[in-house]
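Close look at the chain arrangement
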Amino acid sequence: MNPLSDLALRVPSRYGQQVRKCLQRCDLYDSGRRSKSAADDRVVLPLVDRGLDLERMVRDSLALEIPSEWEIVHEKLPISKKNHVVTPYQQMVSGIEKFLRQSGMLLTEELRSDIPKNWERHGDLIMFATCFQGPFWKQWGDEIWFLISKILSCKKLALKGNVISNEYRTPRVSMLLGQDGWVEHVDNGIRYTYDVTKCMFSSGNVTEKLRVASFCCENETVVDLYAGIGYFTLPYLVHSRARFVHACEWNPDAAAALRRNLSLNKVEERCMIHFGDNREHCPKDIADRVNLGLIPSSEPGWEMACAALKKCSGGILHIHSNVESKEIKVEYNENYDEACSECRNLNDCDSSKQRGEKPCDDGRHPCSRNGARDEEYSRESERAATKKRWREWSAEVSTNIRLILERIHTSQQWKTNSLHIEHVKSYAPHVDHLVLDLDCRPV
Ligand SMILES: C[S@@+](CC[C@H](N)C(=O)[O-])C[C@H]1O[C@@H](n2cnc3c(N)ncnc32)[C@H](O)[C@@H]1O
């Protein structure tokens, strides 16, 4: 980390590997330099300069795992070719450490664990989450934030909390450095500008944005029921070449950003913003395709989406939802033996006999005692059950949408057909963000 550091730890060679692992675990191993063998069957391992506290930190990191035959020495070690790239996180830690040392303070373990290892970049702003908590960091005013912005090559810094689950899904973002939260961000060739303190930009939906960008929507009219700042509206206009997009949005800040984004990308002539609640303002009988990008559920918009589809020819709905699947715990399961690829016949146990394994007293195949295989079987069952749950969800949605279509267009029967289920992201354990592409046609 500190390129001038010559601190190293000399230990007996037989403990070399073990000590290196301990030091790495505690961020004390300087991966920018290489270890080397020394006289008396010793090895010298490069140490990160942690100031006066170093000796105690080394002692704590080694704990009881090796005996006390070690010493901290000054030794010029060769620069590591493989690892001499210092990560931005490492630069940030050593920068903060130096900054604190100049003020006569130490970067304690508690403070170090409050420094983020990853972050989101929005144009020239870097957004951290769950870090730099507590009053300690505030005492330096902008000084420390300037330092971090210099290290990470950005102009603004912000701290993100959870999205407030209000009707606008407002982000809980506070600025650490910078006058305001406006940023310009380029994503898949599209320019987006927005105020990070007022509008959310979901970087987790990137695969869905790319998928939308790959659709061919020439000559199509698209309705985006939950347009936000244009995360889907813009890919429809710029990449999918939609003829026209009707974008519904009720958050004034998001609608303002959307307006700017349409003109930034020179597509404002092919889009109309319907400002207000889409249940009142969404156009009807106009769309070849409707995007319903709202989670945890876009169900409040299903009726409007059905009404937006062209009565005479129907179209495709892209329905977002979080779908919960059950956790499956497999203990011992008879089916496991049936599914065992080693021995399909539990009674014969031929393959295990050939391997000289004895069946258990209770007659179970030895492979059923194998924890790793049980786990694999459990994972496979869980995957199969999850997919089944997704298909059930898609069938339910498909039926409900058909019923809505038949209720609002009383003179016609409709057919709905699930074209595809897209897994956008895992939202939480056993909760997945899915998109159902549903083809809806009058019969
Ligand atoms: C989750 S955000 C948009 C996210 C974007 N589609 C994406 O997935 O990245 C949902 C947007 O829908 C807007 N919204 C929610 N309910 C609405 C309604 N009834 N009418 C109009 N806009 C609505 C919110 O203000 C918000 O900007």
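Residues numbered from 1 in each chain as written. Predicted model: local features only at pLDDT ≥ 70, side-chain atom pairs only at ≥ 80, totals over all residues. Heavy atoms only, no water.

Here we come to the overall build of the protein. Across its full length, the protein carries 13 helices and 17 strands. For the protein, the residues scored as buried account for 48% of the 443 residues in total. Taking the contacts inside the protein whose residues are at least 6 apart along the sequence as the reference set, 67% of them involve residues at least 24 apart. Accessible surface, the protein as shown: approximately 23,200 Å² in total, 49% of it carbon and sulfur. (Helix = DSSP H or I, 4+ residues; strand = E, 2+ residues; numbered from the N terminus. Buried < 20%, exposed > 50% of the residue type's maximum accessible area, 1.4 Å probe, protein only. Contact = heavy atoms within 4.5 Å. Areas by Shrake-Rupley, 256 points an atom, 1.4 Å probe, with all protein chains shown as cover.)

Near the ligand there are 17 residues, and of these Asn-205, Tyr-231, Glu-249, Asp-277 and Asn-278 occur at the shortest range. Separating a nitrogen atom of the ligand from a backbone N or O atom of Tyr-226 is a distance of 3.2 Å. Between Asn-278 and the ligand, the recorded distance is 2.9 Å, taken from a backbone N or O atom to a nitrogen atom. Across the complex, the protein chains shield 95% of the 590 Å² of accessible surface that the ligand would expose by itself. Its residues placed into classes, the shell around the ligand shows six nonpolar, six polar and five charged. Both domains that meet at the shell around the ligand, namely domain 2 (88-179) and domain 3 (202-325 + 382-442), each give it at least three residues. (Near = heavy atom within 4 Å. Polar contact = N/O pair within 3.5 Å; in protein donor to acceptor, adjacent residues only side chain to side chain. Nonpolar A, V, L, I, M, F, W, Y, C, P; charged D, E, K, R; others polar. Domains from an automatic or database assignment.)

All right, on to the packing of aromatic side chains then. We describe a pair of aromatic rings using the distance from one ring centre to the other and the angle between the two ring planes. Scanning the entire structure with this criterion turns up eight aromatic pairs. Seen in terms of ring centroids, Phe-128 and Phe-132 are 5.4 Å apart; in terms of plane orientation they differ by 75 degrees. Their pairing is edge-to-face. Among the residues examined, Phe-132 registers a relative accessible area of 5% and is labelled buried. Judged by centre distance (6.0 Å) and plane angle (70 degrees), the rings of Phe-136 and Trp-140 are edge-to-face. With relative accessibility at 18%, the residue Phe-136 sits in the buried group. Given a relative accessible area of 13%, Trp-140 falls into the buried group. (Phe/Tyr/Trp six-rings, centres within 6.5 Å; stacked < 30°, edge-to-face > 60°.)

Moving on to the pattern of salt bridges. Two side chains with opposite charge may pair up if their charged atoms get near one another. Tallied over the entire structure, the rule returns 23 salt bridges. Bridged by salt links that share partners, the residues Glu-208, Arg-211, Glu-422 and Asp-437 form one connected network. (Salt bridge = Lys/Arg side-chain N within 4 Å of Asp/Glu carboxyl O.)

With 32 residues, the main nonpolar core has Tyr-192, Tyr-194, Val-196, Ile-229, Tyr-236, Val-245 and Leu-262 as its most contacted residues. For this core, the element with the most residues is helix H8 (residues 252-264), which contributes four residues. Taken domain by domain, the makeup of this core includes at least three residues from each of domain 2 (88-179) and domain 3 (202-325 + 382-442). Setting aside anything within four residues of it in sequence, one finds Ile-229 in contact with Tyr-192, Tyr-194, Cys-199, Phe-201, Leu-234, Ala-254, Ala-257, Leu-258 and Asn-261. (Core = buried A, V, L, I, M, F, W, Y, C linked by side-chain atoms within 4.5 Å.)

Another aspect to go through is unusual backbone geometry. With the exception of glycine, most residues fall at negative phi, and the peptide bonds are largely trans. In the segment running from Ile-295 into Pro-296, the intervening peptide bond is cis, with an omega of 10 degrees. Along the chain, Pro-296 turns up in the loop between strand E14 (289-292) and helix H10 (302-308). A positive phi angle, near 60 degrees, is found at Asp-40, a position not held by glycine. Within the element layout of this structure, Asp-40 appears in the loop between strand E2 (36-38) and strand E3 (42-46). The exposed category is assigned to Asp-40, whose relative accessible area is 68%. One non-glycine residue, Ser-153, lies in the positive phi region at around 50 degrees. Under the relative-accessibility criterion, Ser-153 is labelled exposed at 58%.

Moving on, we come to the sheet that holds E14. Across the sheet, which stays open at both edges, the seven strands sit in the order E13-E12-E11-E14-E15-E17-E16 with mixed pairing between neighbours. Of all the strands in the sheet, just strand E13 (271-275) and strand E16 (414-428) have a single pairing partner and so form its edges. Geometrically, the sheet is characterised by an average inter-axis angle of 20 degrees between neighbouring strands, direction not taken into account. Where strand E12 (residues 244-249) lies against E13, five bridges are found, and the strand directions are parallel. Paired with Cys-248 across the bridge in E13 is His-274. Helix H6 (residues 206-214) rests against strand E15 (315-324), E16 and strand E17 (431-442) of the sheet, and its axis sits at about 145 degrees to E16. Of the strands in this sheet, E12 and E13 are in contact with H8, which crosses E13 at around 170 degrees. (Pairing = 2+ DSSP bridges. Axes fitted to C-alpha atoms, helices over the stretch in contact; angles between N-to-C directions.)

In short, geometric facts, not functional conclusions.
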